[in-house]
Amino acid sequence: MSIAVNPPPSLRSFPISRSPITRSPRVTMVLRSSPPAALPILTKLQNDCATPLPLLRNIADAMAVEMRAGLAVDGGSDLKMILSYVDFLPTGNERGLFYALDLGGTNFRVLRTQLGGRDERVIATEFEQVSIPQDLMCGTSEELFDFIASALAKFVKKEGGKFILPNGRSRETGFTFSFPVKQTSIDSGILIKWTKGFSVSGTPGKDIVVCLNEAMGRQGLDMRVSALVNDTVATLAGARYWDNDVMVAVILGTGTNACYVESVEAIPKLQGHKSSSGKTIINTEWGAFSNGLPLTEYDREMDAESINPGEQLFEKTISGMYLGEIVRRVLVRMAETGSLFGKHIPEKLQTPFALGTPNISSMQQDTSEDLEAVGSILYEVTGVDSNLDVRKMVVEVCDTIAKRGGRLAGAGIVGILQKMEQDSKGVVFGKRMVVAMDGGLYEHYPQYKRYLKEAVAEILGPELSSHVVIEHSKDGSGIGAALLAATNSIFEH
Ligand code: BGC
C-alpha cells in the first residue's frame, strides 16, 4: 500500500458539493443506534490532537529556531530554507508577453499574459489546465516532461489577439515547479525529492530546467525559461504586484509550504550570492518541519505506509492530501473496535485515500437537521447507511483533524513572523504585514481557515495580530511566475 498510487483527485483546488447528493438504488444495511464503544476513540483522538496555546507557542518558537538553523548551513535543519535567487519582486512596470507553466500536483497549468506597465498592468491573460494522467506521476522523467512540453506547444500555437510578441524576441516563461528544488540560479535548480505522491524516476538529482528544455526541444518549441520558482515564491510575487506589504506567502493545498522576504545579511550560508536589493526570497519548505507536532497513532501509521516515511511530517498533519486519509483511518478504527458501522467493517472504507479532504470539508458544511449530506457521503464511501448519532460522531472526527491542521498552520505562520520580527525589531509587527495565502484547502475549507486565523490571533494577541492581514491570493502563482519571467527577462522591458 502506498500513498503514491492513490493520491487525491485534484491539486490546489477541490470542489465542495453543496447540492444534495443523489443516490443510486442499493442494498441497504441500516445502522439503528450509535455504538457508545466508539466514543472513547473520539475522546482519545481529541486529546491527542489538542493544540492549546502553550503548544502553539512552542510550535511557533520551534519554527523560528529551525528557520535560523536552516539559514546557517545547508542541512542544518529539517527546514531546507532554499535560496530562490529572486532578489527583485515585480514592481508594476513590467511590459510584454510572458508565459507561465505551473506544475505542482495532479494538474498543471499553462498561462500567457500581456503586461502593459504601470498604467495598463495586466492587459490580458489566458490559461489552460491539463490534468496529469496517474501513470505519468509514477513514470519516467522523459514521459512526464514530454507530456508537459506538448501541452505547452499546443497552447503556444493558439497565441493571437491581444498577445503580441515583439519582433526579434523569443518567448520567455516562468516555470512554477512546486517540489523541493535546490536552486542553483534563477533559471536552474536540482530536484531534491518528489512529494505529494509523485514518484517519477530519473528526475531527482537532475536540473529541472534542463529536463524541460530537452522536452521543449523534442517538441520543436523555442521558449526560454527565465525563472524557475516554487509556487510559494510565485504566489508572493503575484500578490506583491498589487500590494507592497506582502512579505510572506503560504500554500495550503495538496501539499504545503511557505516563503518570505529575507535580508541577505541574515543568511550565513549565503556565500558568493550578491543581491543588490539586499533582500531575497527564502523558500522554507516547511512541510518537512516535525518539531513538537501532536501526532496520533493514525498519523504514524499513515506515515509508515507512505512512500516517504519519516518525511514531510508537518505536510502530512496539515495539508489537503492527508486530512481525509487521517479521518478515514480513525473511522476504520471506530468500525473495528467501536462497531461504528454495525457488525461489519465496510470494505470500501478500507481503501487508502477512499475519503478525500473535499469529502470531509463537505461533511462539515452540512447544516441540515439530520445531516443528510453527511449520510450521503458516508454511504458513498462505506456503502452503509448511518443514523444521526453516527453522522455526528463522524463530523466530530473531521472537525478534530481540521482544527489541529488549521491551528498548526497558524502557528507556523506566527513562527515565520516572529523570526522576521526578531531580526528587524518592530518593522514586522509595527506596521501592516500581509501574508498571501493560496491552495484549495485554504480556499474551500471554511472551518480550517477559521481555525488558522483564530490561532494566529490567539498566539499574537489582539494588538500585534491587528497588523497581520491574512489574505487569499487566488491563483497568484501562475501570474506570479509570468511576472518573475518578466523581471528576469534577458530582454529590456
Ligand atoms: C512541496 C513544496 C510546495 C508545496 C505546495 C510541497 O509538497 O515540497 O515545494 O511548495 O508542496 O505545493
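Data block above holds the structure.
Residues numbered from 1 in each chain as written. Predicted model: local features only at pLDDT ≥ 70, side-chain atom pairs only at ≥ 80, totals over all residues.

Visitor: Please set out the overall build of the protein chain residue by residue, giving values where relevant.
Guide: For the protein chain, the helix and strand inventory stands at 16 helices and 13 strands. Going through the 493 residues of the protein chain one by one, you find that 50% of them count as buried. In the protein chain, once contacts between residues fewer than 6 apart in sequence are set aside, the share between residues at least 24 apart is 76%. (Helix = DSSP H or I, 4+ residues; strand = E, 2+ residues; numbered from the N terminus. Buried ≥ 20, exposed ≤ 12 C-beta atoms within 10 Å, placed from the backbone. Contact = placed C-beta atoms within 7 Å.)

Visitor: An account of the packing of helix α5 (residues 141–157) against helix α6 (residues 208–218) is requested, with residue identities and associated values reported.
Guide: Remark: α5 packs on α6, axes separated minimally by 8 Å, with the N-to-C direction vectors making an angle of 60°. In this view, α5 runs oblique relative to α6, as classed from their interaxial angle. Handedness of the crossing formed by α5 with α6: right-handed. Facing α5, whose interface residues are S141, F145, D146, I148 and A149, α6 presents C211, L212, A215, M216 and R218. Along the lines of polarity and charge, the residues of the contact of α5 with α6 split into seven nonpolar, one polar and two charged. (Axes fitted to C-alpha atoms, helices over the stretch in contact; angles between N-to-C directions. Parallel < 35°, antiparallel > 145°, perpendicular 65-115°, else oblique. Left-handed = near helix turned anticlockwise from the far one by under 90°. Nonpolar A, V, L, I, M, F, W, Y, C, P; charged D, E, K, R; others polar.)

Visitor: Any chance you could break down the sheet that holds strand β5 (residues 171–177) for me, citing the residues and the numbers?
Guide: With mixed pairing, five strands are arranged side by side in an open sheet as β4-β3-β2-β5-β8. Edge positions in the sheet fall to β4 (122–131) and β8 (223–229), since each has one partner strand and no second. With strand direction ignored, the average angle separating the axes of adjacent strands in the sheet is 20°. Bridge analysis of strand β2 (residues 95–103) against β5 gives five bridges, and the strand direction is parallel. Note on β5: the bridge partner recorded for A100 is G174. Along the sheet, α6 contacts β5 and β8; its crossing angle with β8, the most-contacted strand, is approximately 155°. (Pairing = 2+ DSSP bridges.)

Visitor: Hey, could you go over the environment of A239 for me, with residue numbers and the actual values?
Guide: Looking at the secondary structure, you find A239 in helix α7 (residues 231–240). For A239, a count of 29 C-beta atoms within 10 Å gives the class buried. Placed 237 residues apart in sequence, A239 and G476 show a C-alpha to C-alpha distance of 6.2 Å. Among all residues touching A239, those that are not within four sequence positions of it are V246, A249, A436, S473 and G476.

Visitor: Can you tell me about the site of the ligand, naming the residues and giving the values?
Guide: S178, T195, I251, G255 and N257 are the nearest of the 17 residues found near the ligand. Taken together, the elements giving at least two residues each to the shell around the ligand come down to α7 and β10 (256–263). (Near = placed C-beta within 6 Å.)

Visitor: An account of the nonpolar core is needed here, citing residue identities and associated values.
Guide: Counting residues in hydrophobic clusters, the biggest one holds 142 residues, and the most contacted among them are L212, V327, L331 and A482. Discounting residues that sit within four places of it in the chain, L212 has contacts with F145, A149, F175 and V225. (Core = buried A, V, L, I, M, F, W, Y, C linked by C-beta atoms within 7 Å.)

Visitor: Pulling in residues and values, what's your account of the pairing of strand β12 (residues 433–438)?
Guide: With six of six residues buried, β12 lies mostly within the body of the structure. The two faces of β12 match: M433, V435 and M437 on one face and V434, A436 and D438 on the other face are all buried. Of the pairings in the sheet, the one linking strand β9 (residues 246–252) to β12 comprises five bridges and is parallel in character. Each bridged residue has a counterpart across the sheet, and for I251 the counterpart in β12 is D438. Examined bridge by bridge, β12 and strand β13 (residues 468–472) share five bridges and lie parallel to one another. Counted as the bridge partner of M437 is H472 from β13.

Visitor: Can you explain the environment of F429? Please cite residues and give values.
Guide: Tracing the sequence through the fold places F429 in the loop between α13 (388–424) and β12. Along the primary structure F429 and K343 are separated by 86 residues, whereas in three dimensions their C-alpha atoms are 56 Å apart. For F429, the residues in contact, after removing those within four places along its chain, are E421, L464 and H467.

Visitor: I'd like a rundown of the sheet that holds strand β11 (residues 279–283), residues and numbers included.
Guide: Spatially, six strands are ordered β1-β11-β10-β9-β12-β13 in an open sheet, and the strand pairing comes out mixed. Single-partner strands in this sheet number two, and they are β1 (82–83) and β13.

Visitor: Can you lay out unusual backbone geometry for me, pointing to particular residues and giving the numbers?
Guide: Leaving glycine out, the prevailing phi sign among residues is negative, and the prevailing peptide bond configuration is trans. Even without being a glycine, M81 presents a positive backbone phi close to 45°. Examined against the element boundaries, M81 turns out to sit in the loop between α2 (53–72) and β1. The backbone phi angle of Q312 is positive, close to 50°, even though this residue is not glycine. Of note, Q312 is situated in the loop between α8 (297–304) and α9 (313–318).

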